[in-house]
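# Summary of the model geometry
Read off the chains here:
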Amino acid sequence: MKGVFSAPGDYVYFKSQVPLHKIPIGTKQWRYYDFGPKVVPPLICLPAIAGTAEVYYKQIMSLSMKGYRVISIDIPRVWNHHEWVEAFEKFLDAIDVHHIHLYGTSLGGFLAQLFAQHRPRRVKSLILSNTFLDTRSFAAAMPWAPVVSWTPSFLLKRYVLTGIRDGPHEPFIADSVDFVVSQVETLSREDLASRLTLTVDVATVGSLLLSDSFITVMDTNDYCATPQELKDQLSERYPGARRAYLKTGGDFPFLSRSDEVNLHLQLHLRRVGVEPRPDLVRGISKDGSGGSQSDKNQKKEDPDDPPPKDDKESSESASSESQLPPGPESSESHGTEEQVLNNAKTSAIGYEERVKLLNALMQKEQIRISKFLMQFTWGIFLPHLIASNVVLLYSNSTFCWKRGQIA
């Protein structure tokens, strides 16, 4: 499968520029990206069941270069909603973040609302995309929920992937599906079981102290895994929220329609009073922290530092070190005629690669299912076969002994 999927060029560039952080907090292991000026209140992105911290890489690269701080996290292994609220609060304390803005899709949006309900002083605004208020419908549709923590990994992955709509897509939507499928393959059995448990653990979002004017509801109009009835319930709960509708985008508009999503995120942040700091973008270092011009001046004036180079060399070195080099042309800019022609040429190729990707996945799962059923069958019936053979041998020997006695 890894041989079929090829990572996008802008994602490869992102991985080379933005470090992945891993920190243990208590019994939980947190994976996250944190990029942008530290003085700006962060926008924290929460993924869906099939998502990882990597799925928001387009938002991190775009918004951080405009002066915003973006944090994208993996949902840790928590098994109920109360545990999620406590674990997320400890994570914020560990990274020294107090006031946050949350952007969540599907399960991530539900968890964002729960945190805003139980920790209202920390959440300053919400952006909710293709999400829901209540989990009862998911619990009713998954009768095997009580044994989800014991289910093999390949069955959990198959269940998650069946929720992604199959069939011909627009090229950019097909690319987003390919990327998310590749991310699902990186998730462990415990990760998937934990997220599915959070989805089917019966709970309802209560009333929020947050005003509707600080909430943006961003949905796609074509299709997504969240039923329309649940999305309508969300809209009714927040009648005063700002609406942002995307004509298309599928389940993963943050990848397939990243330009539009980034624009709506930027408008939301400005509307709720988040001031970007583009003047600190040039000071973003490899660890994702933002620097200031005064820091640079102090660094130059330090007598312990070596003597500066001439003006030409110093300007070139400052430009190369403090500013991110231009990344490869990404799929975000869809407006030019050249890209339209390229998309038309590559749409057939992208669809064929996606079909190969899904076929390879299905073949892999079929082999695993066959092995699992064989082991299960032998484990159940083999002892019975042995027992019945022993009884039969005992009966035959008894019968032969009695015949010998009569003779």
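Look a little higher up for the structure.
Residues numbered from 1 in each chain as written. Predicted model: local features only at pLDDT ≥ 70, side-chain atom pairs only at ≥ 80, totals over all residues. Heavy atoms only, no water.

## Remarks on unusual backbone geometry
You will see that Asp-96, though not glycine, has its phi angle at about 60°, which is positive. Position of Asp-96 among the secondary structure elements: in the loop between helix H3 (81–94) and strand E5 (100–105). Phi at Asn-130 takes a positive value of approximately 50°, unusual for a residue other than glycine. (Helix = DSSP H or I, 4+ residues; strand = E, 2+ residues; numbered from the N terminus.)

## Some details on the environment of Leu-187
Positionally, Leu-187 belongs in the loop between helix H7 (171–184) and helix H8 (189–200). Owing to a relative accessible area of 5%, Leu-187 belongs among the buried residues under this scheme. Taking the C-alpha atoms as reference, Leu-187 lies 9.0 Å from Ser-153; in sequence the two are 34 residues apart. Excluding residues within four positions of it along the chain, Leu-187 makes contact with Ile-49, Thr-52, Lys-157, Leu-192 and Arg-195. (Buried < 20%, exposed > 50% of the residue type's maximum accessible area, 1.4 Å probe, protein only. Contact = heavy atoms within 4.5 Å.)

## Describing the packing of helix H6 (residues 153–162) against H8
With their axes 9 Å apart at the nearest point, H6 and H8 run at an angle of 50° to one another. Considering the angle they form, H6 stands oblique to H8. Where H6 crosses over H8, the handedness of that crossing is left-handed. Every residue of H8 that contacts H6 at Ser-153, Leu-156, Lys-157, Tyr-159 and Val-160 is listed here: Arg-189, Leu-192, Ala-193 and Leu-196. (Axes fitted to C-alpha atoms, helices over the stretch in contact; angles between N-to-C directions. Parallel < 35°, antiparallel > 145°, perpendicular 65-115°, else oblique. Left-handed = near helix turned anticlockwise from the far one by under 90°.)

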